[in-house]
Amino acid sequence: MREAAAGLWRLLLPVRCPACGAVAESLLCRPCAVGLERYALPDLGLTMLAEGVVTVGAYAYEGTVAETVRGLKVAGRWAAARGLGLQLRRRLGLPPEDAVPVTWVPATRRRRRRRGMDLPELLAGPRAVRLLEATAERPDQTSLRPADRRTSPGGAFVARGPVPPAVVLIDDVRTTGATATAAALALRAGGARRVLVATFAVGGDAARETAAQDSRVRPASTSNSAGTSSGSGTW
Ligand SMILES: [Zn+2]
């Protein structure tokens, strides 16, 4: 409660673009919004992580995208998170929440307290339901502190109760996929048969593979093909 109250004064401050800090109407400022689109993943980085677990992502974790994710975690620049969550839903063509429940990869209570917010939760939106509990901290993709490297690679998660048969699981960044897989398998253990992991950004090898595939698939400059890519759809 004290923490919530202490953060209230921020409501009085102008909304800042999370990527560059400029005052913005909503979401990102115009140049950063344009910059973000340069990193959109054409095939959504579709990857199968485990049996019944498929992941997609909206952007490569580079440039403006990385600045946006880092900026969203800075106090006072969270305003865009909900809007970017909506943008993520639209871009990935996610099913409506009343058809397939949405949840998120949670931070541990300790980290959430320290940070005052949980970015995946904000991206997941107000209709998301908390289905997972984090039992061990996962390394922060945007931090290089040695303390983070000592934790288990994906963190550890447990379902809070029975899980519906199909779930959309929202996360902010996927690099190795270890965290997403750990969280998705906890949902599977709780009863889910299919989990779609939807991340805002895809970093590291995962993004490079996607980009390489794309340059092979697309003829040259113009492409009007939409959603014709890889994945076998067996999840
Ligand atoms: Zn900006």
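Since this is a predicted model, take the numbers as computed values, not measurements.

**So, the sheet that holds strand E7 (residues 194-202)**
Phase 1 of the analysis: Read across the sheet, five strands follow the order E1-E2-E7-E6-E3 without closing on themselves; strand pairing throughout is mixed. The two strands at the open ends of the sheet, each matched to only one other strand, are strand E1 (47-50) and strand E3 (102-104). Between one strand axis and the next, the sheet turns through 30 degrees on average, direction left out of account.
Phase 2 of the analysis: As defined by bridge partners, E1 adjoins strand E2 (residues 53-60) across three bridges and the pair is classed as antiparallel. Each bridged residue has a counterpart across the sheet, and for Thr47 the counterpart in E2 is Thr55.
Phase 3 of the analysis: Along the sheet face, helix H8 (residues 178-189) touches E1, E2, E3, strand E6 (166-174) and E7 and points at about 160 degrees away from the line of E6.

**Considerations on the coordination of the zinc ion**
Phase 1 of the analysis: All of the protein donors around the zinc ion are Cys17 (SG), Cys20 (SG), Cys29 (SG) and Cys32 (SG); their distances to the metal are 2.3 to 2.4 Å.
Phase 2 of the analysis: Every donor counted, the four donor atoms about the zinc ion form angles of 100 to 116 degrees at the centre, which fits tetrahedral coordination.
Phase 3 of the analysis: Taken in chain order, the donor set of the zinc ion reads C-x2-C-x8-C-x2-C.
Phase 4 of the analysis: Residue classification places Cys17 among the buried positions, given a relative accessible area of 0%.

**Observations concerning unusual backbone geometry**
Trans is the common state for peptide bonds, and a negative phi is the common state for residues other than glycine.
Phase 1 of the analysis: Of note, the phi angle at Leu44 is positive, near 60 degrees, even though the residue is not glycine.
Phase 2 of the analysis: Assignment of secondary structure puts Leu44 in the loop between helix H2 (30-37) and E1.
Phase 3 of the analysis: Overall, the relative accessible area of 21% leaves Leu44 in the partly exposed class.

**As for the confidence of the model for the protein chain**
Phase 1 of the analysis: Per-residue confidence for the protein chain gives a mean pLDDT of 80; residues scoring 70 or more make up 72%.
Phase 2 of the analysis: Across the protein chain, the element-wise mean pLDDT spans from 50 in helix H7 (residues 146-149) up to 97 in E3.
Phase 3 of the analysis: Residue range residues 214-235 is modelled with pLDDT below 50. Its contacts to residues more than four positions away, or to other chains, number 13 contacts.

**Some remarks on the packing of H2 against helix H3 (residues 63-72)**
Phase 1 of the analysis: Relative to each other, H2 and H3 sit at 120 degrees, their axes nearing to 7 Å. The angle between H2 and H3 falls in the class oblique. Within the contact between the two elements, H2 uses Cys32, Gly35 and Leu36 and H3 uses Thr64, Val65 and Thr68.
Phase 2 of the analysis: Each residue belonging to the contact of H2 with H3 can be placed in one class, and the counts come to three nonpolar, three polar and no charged.

**Details of the environment of Pro42**
Phase 1 of the analysis: Take Pro42: it is sitting in the loop between H2 and E1.
Phase 2 of the analysis: Spatially, the C-alpha atom of Pro42 lies 9.7 Å from that of Gly57, the residues being 15 residues apart in sequence.

**As for the pattern of salt bridges**
As a working rule, side chains carrying opposite charge can pair if their charged atoms are close by.
Phase 1 of the analysis: Summed over all chains, the structure comprises nine salt bridges.
Phase 2 of the analysis: Between Arg91 and Glu37 there is a salt bridge, with the nearest N and O atoms lying 2.5 Å from each other. Of this pair, Arg91 sits in helix H4 (residues 80-92) while Glu37 sits in helix H2, and the two are 54 residues apart along the sequence.
Phase 3 of the analysis: The closest approach of N and O atoms between Arg160 and Glu133, which form a salt bridge, is 2.9 Å. Of this pair, Arg160 sits in the loop between strand E5 (156-159) and E6 while Glu133 sits in strand E4 (residues 132-136), placing them 27 residues apart in sequence.
Phase 4 of the analysis: A single network of salt bridges, built from pairs that share partners, joins Arg109, Arg112, Glu121, Arg130, Glu133 and Arg160.

**Side note on H3**
Phase 1 of the analysis: Counted residue by residue, H3 has seven buried out of 10 residues, so it is predominantly covered.
Phase 2 of the analysis: Taken together, the buried positions of H3 are occupied by Thr64, Val65, Ala66, Thr68, Val69, Gly71 and Leu72.
Phase 3 of the analysis: Against the buried residues of H3 lie H2, E2, H4, helix H6 (119-124), E6 and E7.

**Here's the deal with the side chain of Thr68**
Phase 1 of the analysis: Structurally, the position occupied by Thr68 is in helix H3.
Phase 2 of the analysis: According to the relative accessible area criterion, Thr68 is buried, its value standing at 0%.
Phase 3 of the analysis: In contact with Thr68, other than residues within four places in its own chain, are Pro18, Ala19, Leu28, Leu36 and Leu84.

Cut-offs applied
Residues numbered from 1 in each chain as written. Predicted model: local features only at pLDDT ≥ 70, side-chain atom pairs only at ≥ 80, totals over all residues. Heavy atoms only, no water. Pairing = 2+ DSSP bridges. Helix = DSSP H or I, 4+ residues; strand = E, 2+ residues; numbered from the N terminus. Axes fitted to C-alpha atoms, helices over the stretch in contact; angles between N-to-C directions. Contact = heavy atoms within 4.5 Å. Donors = N, O, S within 2.8 Å, 3.2 Å for Na, K, Ca; no water. Tetrahedral: all angles 85-135°; square planar, octahedral: opposite > 155°, others 65-115°. Buried < 20%, exposed > 50% of the residue type's maximum accessible area, 1.4 Å probe, protein only. pLDDT = per-residue confidence, 0-100. Parallel < 35°, antiparallel > 145°, perpendicular 65-115°, else oblique. Nonpolar A, V, L, I, M, F, W, Y, C, P; charged D, E, K, R; others polar. Salt bridge = Lys/Arg side-chain N within 4 Å of Asp/Glu carboxyl O.

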